[in-house]
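# Observations on the model geometry
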Amino acid sequence: MAVGSEIVTKIKSVQSTKKVTSALEMVSASKIKKAKDQMLEARPYARQMQKIIGHMAHSSPEYRHPFMKEREIKRVGYVVISTDRGLCGGLNTNLFKKSLAHMREYQDGNIEIDVVTVGNKASNFFKKIAVDLKASIPSLGDNPDLTDLIGVVKVMLDAFGDEKIDRLYLVFNDFVNSITQKPEVQQMLPLKPDKDKQIRDNFDYIYEPEAKEVLEYILGRYVEALVFQGVLENLASEHAARMVAMKNATDNATDLIKDLQLIYNKARQAAITQEISEIVSGAAAV
Amino acid sequence: MSSIQCDIVSAETEIFSGEVAMVFATGIAGELGIAPQHAPLITLLKPGEVRVELKDGTHQNYYVSGGILEVQPYLVSVLADTATRAEDIDEAAAIQAKEEAERLLKDSDKRQDIAQVQAELSKALAQLHALARLKKNLKR
């Protein structure tokens, strides 16, 4: 039947879109569990390091590592973590907006900005912006490995060590829960001393080798751990955001199909009615 | 027999946690055996084995490719590296990351102002919000 064949085609196309969106929703729903577990498993390492650093800062005050000293800001660095793929609502857009607002404050004060990016979306975004893109990791996939991050982190650590940048921020989506993800700009270097944590144990460590070398090692690893943690938070956020976005898209497709079906039925009904009345009036004329 | 709490963690995951009788590891200055009430100590670890002796006398072995061993009065923690690390490997990774950035910059010649992009982003987000609101109103 020729009636409303365009509508039928349209319905079919919306239906296949719906299949894709609901499949994406289910994929993310199954991946989010793993991402969340990974995120929780990585926490003890950073926390343990934080404790050691806090303790060392208190117990050996004679040595202050450059990573712990505030200095005059001439240039700032950002590590921006984004998703690799789109279709996750406003997740990346919100993140970029927040980081740009943060960067602009520095730029207005004539402070230069260095950026390293992790993830496709951030790389493609920041290459078009008037900041210095220093290094980049294209994609980490669903199983991020700390090894993949060593490069970008080292670029920034070296820059900070050589006093090319005077502050280092980490930008990522904080996974609050499955519904809420918050874009976050976190200061990594110089380390902010924990004010609320009072360490009262009055013991000092025996250091092997020197305190300086140990601290140097720990601080480098600590920054890596923070970035890695950010990557995992961001991954969990990505899946959560995609789940919600794709659920909305699937719902929209369902509504659209319903409306189109209604229009189609009406058109078909009208055509039949018209045909009948034509036949009836034709018969009457005979 | 006295015992001490021991945690072995890597950046990716928690490897071991529990009460142990003794911890053995290869420190940068040599072999270490940590018994309960060892003096507070921080040492870097060499690639090698970390062995814990449980309270029942059995042993468990873990391989680390470096890391830190910290001894507090009531706690031994090992922050293990799982990946093989060396200055030149790290350096190579850094160079690779830099090259990736250069490659990205090569095929984009237009550099936009932050303020300009910020305005565009705000517009896109406002459109998203407007769409969501519109949909809500239509449903009602």
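Our structure's up above, just so we're on the same page.
Residues numbered from 1 in each chain as written. Chains lettered and ligands numbered in written order. Predicted model: local features only at pLDDT ≥ 70, side-chain atom pairs only at ≥ 80, totals over all residues. Heavy atoms only, no water.

### Some details on the overall build of chain B
What counts is decided by this rule: Helix and strand assignments follow DSSP, with helices taken as H or I runs no shorter than four residues and strands as E runs no shorter than two, numbered in order from the N terminus. The buried label goes to any residue with under 20% of its type's maximum accessible area, the exposed label to any with over 50%, and the partly exposed label to all in between, with areas taken from a 1.4 Å probe on protein chains only. Any two residues whose heavy atoms approach within 4.5 Å are treated as being in contact. What sets the accessible areas is the Shrake-Rupley method with a 1.4 Å probe; for residues, cover comes only from the shown protein chains.
Each helix and strand counted, chain B has two helices and eight strands in total. Across chain B, helices and strands are ordered from the amino to the carboxyl terminus as β-β-β-β-β-β-β-β-α-α. When its C-alpha atoms are laid out on the principal axes, chain B stretches across 70 × 50 × 25 Å. Residues counted as buried form 44% of the 140 residues belonging to chain B. Summarising the internal contacts of chain B: among those between residues at least 6 apart in sequence, 44% fall at separations of at least 24. Carbon together with sulfur atoms contributes 54% to the accessible area of chain B, which is approximately 7,800 Å² in total.

### Points about the sheet that holds strand β1 (residues 75-81) of chain A
Residue and element names in this part refer to chain A. Here is the rule we go by: When DSSP finds two or more bridges between two strands, those strands count as paired. Where helices are involved, their axes are fitted lines through C-alpha atoms of the stretch in contact, as for all axes, and angles between N-to-C directions lie from 0 to 180°.
Reading across from one edge, β3-β2-β1-β4-β5 is the order of the five strands in this open sheet, with mixed pairing throughout. Each of the sheet's edge strands pairs with one partner strand only, and the pair in question is β3 (132-137) and β5 (181-189). Here the strands of the sheet are splayed against their neighbours by 20° on average, with no regard to which way each runs. The pairing of β1 with strand β4 (residues 167-175) spans five bridges and is classified as parallel. When the sheet's bridge partners are listed, Val80 is paired in β4 with Val171. The strands touched by helix α4 (residues 146-161) are β1, β2 (112-118), β3, β4 and β5; relative to β2, the strand with the most contacts, the crossing angle is about 165°.

### Things to note about the packing of α4 of chain A against helix α5 (residues 211-285) of chain A
Residues and elements named next belong to chain A. Note the following rule: To sort the angles, those under 35 degrees are grouped as roughly parallel, those over 145 as roughly antiparallel, those from 65 to 115 as roughly perpendicular, and the leftovers as oblique. Two helices that cross are described as forming a left-handed crossing if the nearer one is turned anticlockwise from the farther one by less than a right angle, and a right-handed crossing if clockwise. Charged residues are taken to be Asp, Glu, Lys and Arg, nonpolar residues to be Ala, Val, Leu, Ile, Met, Phe, Trp, Tyr, Cys and Pro, and polar residues to be all remaining types, Gly included.
Two elements in contact, α4 and α5, have axes whose closest approach is 10 Å; the angle formed by their N-to-C orientations is 125°. Here α4 lies oblique to α5, going by the angle between them. Here the hand of the crossing between α4 and α5 comes out right-handed. Between α4, through Leu146, Leu149, Ile150, Val153 and Leu157, and α5, the contact on the second element is made entirely by Gly220, Val223, Glu224, Val227, Phe228 and Val231. Classifying every residue of the contact of α4 with α5 gives nine nonpolar, one polar and one charged.

### What to know about the packing of aromatic side chains
All names here are of chain A. We apply this condition: Between the rings of Phe, Tyr and Trp (Trp by its six-membered ring), a pair exists once the centres lie within 6.5 Å; its type follows the angle of the planes, with under 30 degrees stacked, over 60 edge-to-face, and the other angles tilted.
Evaluation of the coordinates by the stated rule reveals eight aromatic pairs over all chains. Here Tyr78 and Tyr169 contribute two aromatic rings whose centre-to-centre distance is 5.3 Å and whose plane-to-plane angle is 25°, an arrangement assigned as stacked. Residue Tyr78 is located in strand β1, and its partner Tyr169 is located in strand β4; the two are separated by 91 residues in the primary sequence. Since its relative accessible area comes to 0%, Tyr78 is described here as buried.

### Digging into the nonpolar core
Generally speaking, soluble globular proteins have nonpolar side chains that are buried together. Operational definition: Here, nonpolar core means buried Ala, Val, Leu, Ile, Met, Phe, Trp, Tyr and Cys residues that are tied together by side-chain atoms lying within 4.5 Å of each other.
Judged by nonpolar contacts, the single largest core of 64 residues is most densely connected at Met56, Val79 and Val227 of chain A. A per-element tally of this core places α5 of chain A first, with 17 residues. Leave out the neighbours within four places in its chain, and Val227 of chain A touches Val79, Ile81, Leu149, Val153, Leu170 and Met188 of chain A. In terms of nonpolar packing, the next biggest core, distinct from the first, is built from 25 residues, Ile129, Val131 and Tyr169 of chain A together with Leu121 of chain B among them.

### Some thoughts on the interface of chain B and chain A
Formally: Once two parts are joined, some of their accessible surface, as seen by a 1.4 Å probe, is lost; buried area is that loss totalled over both. Salt-bridge detection follows one rule: a side-chain nitrogen of Lys or Arg within 4 Å of a carboxyl oxygen of Asp or Glu. Polar contacts, as used here, are pairs of N or O atoms within 3.5 Å; protein pairs need one atom able to donate a hydrogen and one able to accept it. Residues neighboring in sequence count only if both atoms are side-chain atoms.
Each side of the interface is counted separately: chain B has 55 residues, and chain A has 56 residues. Across the interface of chain B and chain A, roughly 4,800 Å² is buried in total on both sides, 65% from carbon and sulfur atoms. Our count for the chain B to chain A interface comes out at two salt bridges. Close ionic contact of Arg221 of chain A with Asp81 of chain B constitutes a salt bridge, the shortest N to O distance being 2.8 Å. Here chain B is connected to chain A by 14 residue pairs in polar contact (both at pLDDT 80 or more). Counting only elements with at least two residues in the side of chain B that touches chain A, the list comes to β1 (4-10), β4 (41-45), β7 (67-72), β8 (75-80), α1 (87-106) and α2 (114-139) of chain B. For the side of chain B that touches chain A, the residue count by class is 28 nonpolar, 11 polar and 16 charged.

### Description of the pairing of β1 of chain B
Residue and element names in this part refer to chain B. For β1, the buried fraction is high: six of the seven residues fall into the buried class. In the sheet, β1 pairs with strand β2 (residues 14-27) via six bridges, with the strands oriented antiparallel. In the sheet register, Val9 faces β2, and the bridge partner there is Glu14. Direction of pairing for β1 relative to β8: parallel, over a ladder of six bridges. Each residue of the ladder has a partner; that of Val9, found in β8, is Leu79.

### Quick look at the side chain of Arg221 of chain A
Here Arg221 of chain A is to be found in helix α5. Within the structure, Arg221 of chain A has its side chain in polar contact with the side chain of Asp81 of chain B (distance 2.8 Å). Once residues within four sequence positions are removed from consideration, Arg221 of chain A is found in contact with Tyr45 and Met49 of chain A together with Asp81 and Arg85 of chain B.

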